[in-house]
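Take a look at the letters that make up each chain.
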Protein chains: 2
Amino acid sequence: MPHYRAPVEDTLFLLGDVLGFHARDNLAGFSDAAPDVVEAVLREGAKLAEEVLAPVNQTGDREGCRRNPDGSVTTPAGFKAAYDAYAQGGWMGLSVPEEFGGQGLPQTLNTAIQEFASGANLALGMYPGLTQGAIAALLVHGSAEQKARFIPKMVAGTWTGTMNLTEPHCGTDLGLLKTKAVPNGDGSYAITGTKIFISAGEHDLAENIVHLVIARIEGAPAGTKGISLFVVPKFLVGEDGALGPRNGVSCGSLEHKMGIHGNATCVMNYDGATGWLVGEANRGLNAMFVMMNEARLAVGVQGLGQSEVAYQNAVAYARDRLQGRALTGAKAPDKPADPILVHPDVRRTLMQIRAFNEAARALVLWTALQSDILHRSEDAGERRTADDHMGLMTPVVKGVLTDRGFANAVEAQQMFGGHGYVEEWGMSQFVRDARIAMIYEGANGIQAMDLVGRKLPKDGGRAMMAFLGEVQTFLKDHGEDADMAAFVKPLGAAVNDLQGATMWFMQNAMAKPDNAGAGATDYMHLLGLVALGYMWARIAKAALARKAAGEEPARWDAKLVTGRFFMDRSLPETGLRLARIKAGADTTMALAAEAF
Amino acid sequence: MPHYRAPVEDTLFLLGDVLGFHARDNLAGFSDAAPDVVEAVLREGAKLAEEVLAPVNQTGDREGCRRNPDGSVTTPAGFKAAYDAYAQGGWMGLSVPEEFGGQGLPQTLNTAIQEFASGANLALGMYPGLTQGAIAALLVHGSAEQKARFIPKMVAGTWTGTMNLTEPHCGTDLGLLKTKAVPNGDGSYAITGTKIFISAGEHDLAENIVHLVIARIEGAPAGTKGISLFVVPKFLVGEDGALGPRNGVSCGSLEHKMGIHGNATCVMNYDGATGWLVGEANRGLNAMFVMMNEARLAVGVQGLGQSEVAYQNAVAYARDRLQGRALTGAKAPDKPADPILVHPDVRRTLMQIRAFNEAARALVLWTALQSDILHRSEDAGERRTADDHMGLMTPVVKGVLTDRGFANAVEAQQMFGGHGYVEEWGMSQFVRDARIAMIYEGANGIQAMDLVGRKLPKDGGRAMMAFLGEVQTFLKDHGEDADMAAFVKPLGAAVNDLQGATMWFMQNAMAKPDNAGAGATDYMHLLGLVALGYMWARIAKAALARKAAGEEPARWDAKLVTGRFFMDRSLPETGLRLARIKAGADTTMALAAEAF
C-alpha cells in the first residue's frame, strides 16, 4: 500500500528560515503563531494526514461514491470517520476568525495543512477544501445574518459547502448560464436550473450542505453582468439554526470520472430551491471570484501534494526494487542486483520531481503569506503589494503546479515499470487524481489567459515590475557571493528570458492579441520557472546559513545539490518557452477551421 | 461516443510522395504492392478500424476482461466478433510469407494497419499484435517443423501468440529469471515458474494460445547467458495439427490496470508445462530480441495511434463547443458564443499534436521501410544500412512516440475541460490506454539507455554518422531553396545540437558512464526531435511539389503551415535537451541514497 509522510521539517524550514514568517507578527493572528505553536500545529496536521486521511485513500478510490435510489450519496467506507476526525480536530476553521468559531491562525499555516491533506487523500480533502472556499466567500460577501447562520456550523464541520458554477453548456464562459432566480416576495428566491461537476454536491459526511450557486435573476441583463450569487442550503435553516425541511435541490447523478473517485461529483438539480442573495444582485461573479482565488491556490497546492506523495512512493520503490547493476560497478554485491536507485535515469527522474516539490512548496507558502498580508495588514501599501503578488501568482501556482504535479506523478509512476500500471500499487491513482487539478477551477489554459490578458497588463504592469524588481535586487545583492554563484547566474539568465518575453508581448500583442493568446501557456510556465528558480535561490541562501552554523550538514548539502539540479536542468526551459512565445501566432492561427 | 478515422490519405502521401515506397520494387513483395493495391489495402484496413474495432473500444474499457472460476478468461462483449473480422480479413498475415498462409506484402503496409488498429482500439489490437510478434520470432528462430505447425494457424487467427518474459522479481533484468525447464527425455521440456504482465495470456478469442516463454534449463549458467526460449502451447498439438490435451499452463489472475481493460493482462502459472526449445539452448534472449524489436516498433506506433485518435476527438469537440469569443472579435456572431477552436491556446494545443502526429507517421513508415529492406533486400550494403537505421531508431520510435503520444492524449483531453475527466467522453480512456505504451516492451528509460549505451557507440558510431550524413546532405541539397528555408534553417540548428550532444558524450561519457546515463532520456528525445524535424523537411519538399503541380492547394498549404509550426515551436526543444545533457551527472548522482 502506498504511504504518505507530511513534509513537516521542510515546511518549518521554509516558514522560519526562508520566508520570515515569524517576523510578521504585525499581522493579526501571527502573534499566536509562535514557532512552537507552528511546529505543534504542523505535527498534529501531519499525524492527521498520515494516520487518518492516507489510510483510506486507496480504498476510497476502489469503492468510490454511490448514489442511492433516493438521491442520497454514500461516500466510501472510512470517509465519514476520517472527515469527523478532521472536523473535530478544528482544522476547518484553522484560519477562520475566532468570532465564527475558528482559530484565527494565519492562512499560511492552513495552506501547509492543505498540502498535507491533498497529498494524503485528495478526494477526501476536497470536502473540507470546498467548505473553506465557501466560508471565504461568505466572510467577504455574506450579510451579518448569513455569516452568523452558516459559518460557525461550517467551521465545526457539521455542515459543508460547495460552489455551483458550471452548467452543461457553460464552464469557462459563465455569461451563458441559464439557471434562473425568481423572487419569492419574502426576500428569498426560487432557483431553478441544472449545475454539473459539483464536487461534494451530495454526501453523507455532514448534516447539511451549503450550496453557493450563481444564477440569473429574472429580468437581469444577459452575459456576466446579470449573474448573482445565492446561498442555497440542502436543508432550510430556521431562525434558531435548527434544520428545517429539505430544500428543492437534489443530486441527479454522479459522474464516472478518471479519478478522485472518493469525491462525489454531482449533477445538481435546482427545482425552485429557496436561496438567498449573497452580496449585491448582478455582482455574483465578483463574489464568486473571491472563492475562486482561494480555490485556485488550493488547487495548485493539490498539484504539489500529489507530486510529493508520488515522489515518496517512487523513492521507496527505487530503494527496494533490485534490478541491474550500477554503471560504475555493483553497489550491492551481496544481493542479486542493485536497487534501481543507483541508475542515473532513475535518479534524474527523482531529482527532477524533488527539485520541483521543494521550490513549489516555497512558492505556495510565499503566496499564502501574501494572502495573509493582504487580508490582515494595516499598511495599505503593503496590502497593495501583496494583492499584486496574489493576482500575478495565483494563475501561476494553479497552472504550473498542477501541470508539473501531474507530469511528476506520471514520472514517478514510470519508476515502477509494469507495477506502476497496476492499480494495486497506488501510483495509477496518484496520476488519475492529479489529472483533475489541471482542469477544475479554470482549466490551465484559462489560467494562462488570465495571467497574460488580465494580470500582466493590469495597472501598467505594476505587479510584474514589482516581481522582476524583487528578483533583480536579490541578484544584485548576491552577485559577489561565490557560494551563491551556482544560483545567481542561471537565475539571471532566466529573468532575462522572462523580460524578453514580457517585452515581446508589449511590442507584439497590443496590435495583435492572438500573439498573446498563442504564447500564454508558455508565458505562464516561463514565469513559473523564474518564480521557482527565485525560490531556490532564497532556499539556497538559507541553507548556506544553516550549513555555516554547523547543524545537520548532510541535510543542507542535500538541499544545495537539489537546488543546483534545478538550476542546471529545469530552469533552462525558460529559453525554450521564450523561443515559442517569439514564434508568435502566425502558424498557430493560420489553418482554416475545416483543415483541422 | 468518441470516433476514429484512419489517416488513409496522409499514409498514401507519405508512402508515395515522401518515402519513395513504390520505387522499392526490387524488394520481395513490393511488386505486389502497386499503388492501387496499397490504396485498396489501406482503405479496407481503415474500414475495419473505423467500423469494427472502434465501436467496441469504449464498451471494452468499461466491461474489461473477466477471469472465471475455472481460470478461463472472458473478453468484453463484441471483442470476439471484432477479432474474427480481423482474422478473417487476412490482416494477421498481411506481411507473412505466402508459404505460411500470409500475403507476403511489405511490413511497411502492415505497420500502417497497426496504426489504424492502435488508434481504433488499442486493447483489442494487442491480441493480433502479439500474435504477429510471436510469428516474427518463430519465422527467424523456429525449426521448420515448428514453423509449419504453428505459423499457419496463427496467420489464420485460429491461434494467437504471447511473449512471456517478466517475472515478479524481474522485468528489465531478465538475468534474474527463475522459471525452470527440465528435459523430459523426449526432446521436450517441463516448464515451471510464474510469469506476470502477460498480455493476451488467456482469452476466449481463439482456439489455442502459443506462448513463447523464456526459462532456464536446469544446470544452465546464471544470468542472461543461461536463458532459453520455448514454445508452450495452451493445448498440446498433435502431429496432424489437431488440438490435444490441455497443457500445464494457466492464468492465475488478471491484473487490475489503469487502462487497456479489454486486454487480459495475466499472471501465468507454468506447472510442468510441456515446451519445446526454439532456437539454440541458452540463446533465448537473442531469439526474444527479434520479437522485442518488432514489438517495440509496434508500441511506438501505438503511441502515435492514441495521439491521433485523441487529436481527432479534440478537434471535433473544439468545433462543437461554444464558449467565449475570439480575441479578434466574434467569429460566429449568430451563435451565443464562438466555437473554442477560435482560441489561440486551443489551436496551439491542436497544432502541437497534429504537427507531431504527421511527422511521427512519417518516421514510423520510414523505419518500417528499413525493416523491409533489412529482411527483403538482396544487397548486403543496403541491408547493413537498414539494420543500422533500425537499431538506432527502434528505441527512438518506441520511447519518443509513446512519451509524446501520451502527453498529446493528455493535452487533447484538456481541451474538453471537465468533460475530459468524465469517462463518458472517452478522452480519459485514451490517456489511460496510452500510458501503458511508455512502460511495456522496455520502459522508456530503458530505451534511452539502449540507445545511448548500445546503439550509439556500436560499430564506432556508424549508424549515427549515417543518419547525420543523410540529414546534412539533405540540408546542403536544399540550402539555396527559398521555399525550403523555413525548414532547412531550424533543422540545421537542431542537427547542431544533436552533434553537440553526441560529441559531449564522446568526450565525457567514456571515463564517466554516469554522464551518459544521466543524459540518456534527453538524448533520446533530442534524436527524436531531429528525426521528426527531418521528416517534416522531407514532407515539406513533397508538399511543395504537389502544390506546384496545382492539385488540392489548401491541403498542401495546411501541410506546410503545420510543418512550420513544428519547426518554430517544437523543434527548439533540442536546445533544452542539449543543455540538460551538458549539465552531466554531478547533481544527478550526488545525493546519498538515504537523502532521498
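Above this text is the structure in question.
Residues numbered from 1 in each chain as written. Chains lettered and ligands numbered in written order. Predicted model: local features only at pLDDT ≥ 70, side-chain atom pairs only at ≥ 80, totals over all residues. Heavy atoms only, no water.

## Structural notes on the environment of B:M258
On the secondary structure map, B:M258 appears in the loop between strand 10 (249–254) and strand 11 (265–278). For B:M258, a relative accessible area of 1% corresponds to the buried category. Remark: the alpha-carbon pair of B:M258 and B:R435, spanning 177 residues in sequence, is separated by 8.3 Å. Among all residues touching B:M258, those that are not within four sequence positions of it are A:Q413, A:Y421, A:E423, A:S428, A:V431, A:R432, B:R432 and B:R435. (Helix = DSSP H or I, 4+ residues; strand = E, 2+ residues; numbered from the N terminus. Buried < 20%, exposed > 50% of the residue type's maximum accessible area, 1.4 Å probe, protein only. Contact = heavy atoms within 4.5 Å.)

## Overview of the relation of the copies chain B and chain A
With an axial shift of 0.0 Å and an RMSD of 0.0 Å, the rotation relating chain B to chain A amounts to 180°. When the rotation and shift are considered jointly, the pair of chain copies conforms to a two-fold rotation axis. Looking at the rotation axis and the C-alpha trace of chain B, the residue lying nearest is B:L576, at 3.3 Å. (Least-squares fit on C-alpha atoms with pLDDT ≥ 70 in both.)

## Some thoughts on the interface of chain B and chain A
Facing 87 residues of chain B, the contacting portion of chain A comprises 87 residues. When the buried area of chain B at its contact with chain A is split by residue, B:Y421, B:R569 and B:F596 rank highest and sum to 13% of it. Applying the counting criterion to the chain B and chain A interface returns 4 salt bridges. Between A:D522 and B:R569 there is a salt bridge, with the nearest N and O atoms lying 3.7 Å from each other. Between the two partners, chain B and chain A, sit 49 residue pairs in polar contact (both at pLDDT 80 or more). Class assignment of the residues belonging to the side of chain B that touches chain A gives a composition of 44 nonpolar, 22 polar and 21 charged. (Buried area = accessible area lost by both parts, 1.4 Å probe. Salt bridge = Lys/Arg side-chain N within 4 Å of Asp/Glu carboxyl O. Polar contact = N/O pair within 3.5 Å; in protein donor to acceptor, adjacent residues only side chain to side chain. Nonpolar A, V, L, I, M, F, W, Y, C, P; charged D, E, K, R; others polar.)

## Some points on unusual backbone geometry
Phi is positive for A:N282, close to 65°, though the residue is something other than glycine. By secondary structure assignment, the location of A:N282 is in the loop between strand 11 (265–278) and helix 8 (284–320). Exposure remark for A:N282: the relative accessible area of 28% places this residue in the partly exposed category. In this structure, B:E441 is a non-glycine residue whose phi angle is positive, near 60°. With respect to the helices and strands, B:E441 occurs in the loop between helix 12 (427–437) and helix 13 (444–455). Since its relative accessible area comes to 17%, B:E441 is described here as buried.

## Digging into the layout of surface pockets
In this structure, the second largest pocket spans a volume of roughly 950 Å³. What lines the second largest pocket is a set of 34 residues, among which A:H261, B:D61, B:R62, B:K257 and B:H261 lie closest to the centre. Broken down by secondary-structure element, the contributors of at least two residues to the lining of the second largest pocket are helix 3 (57–63) and helix 12 (427–437) of chain A together with helix 3 (57–63) of chain B. Of the residues in the lining of the second largest pocket, the class split is 7 nonpolar, 13 polar and 14 charged. (1 Å grid on protein atoms, 1.4 Å probe; cavity = no way out; pocket = protein on both sides within 12 Å on 5 of 7 lines; lining within 4 Å. Points joined across faces, edges and corners; volume = space filled by probe spheres on them.)

## Here we look at a nonpolar patch on the surface
All names here are of chain A. A cluster of nonpolar residues, M503, M506 and M510, forms a patch on the protein surface that exposes about 370 Å² of accessible area. Mapped onto the elements, M510 comes out in the loop between helix 15 (485–508) and helix 16 (513–548). Its relative accessible area of 68% is what places M510 among the exposed residues. (Patch = residues over 30% accessible without salt bridge, like charges linked within 9 Å, V, L, I, M, F, W, Y side chains within 5 Å. Areas by Shrake-Rupley, 256 points an atom, 1.4 Å probe, with all protein chains shown as cover.)

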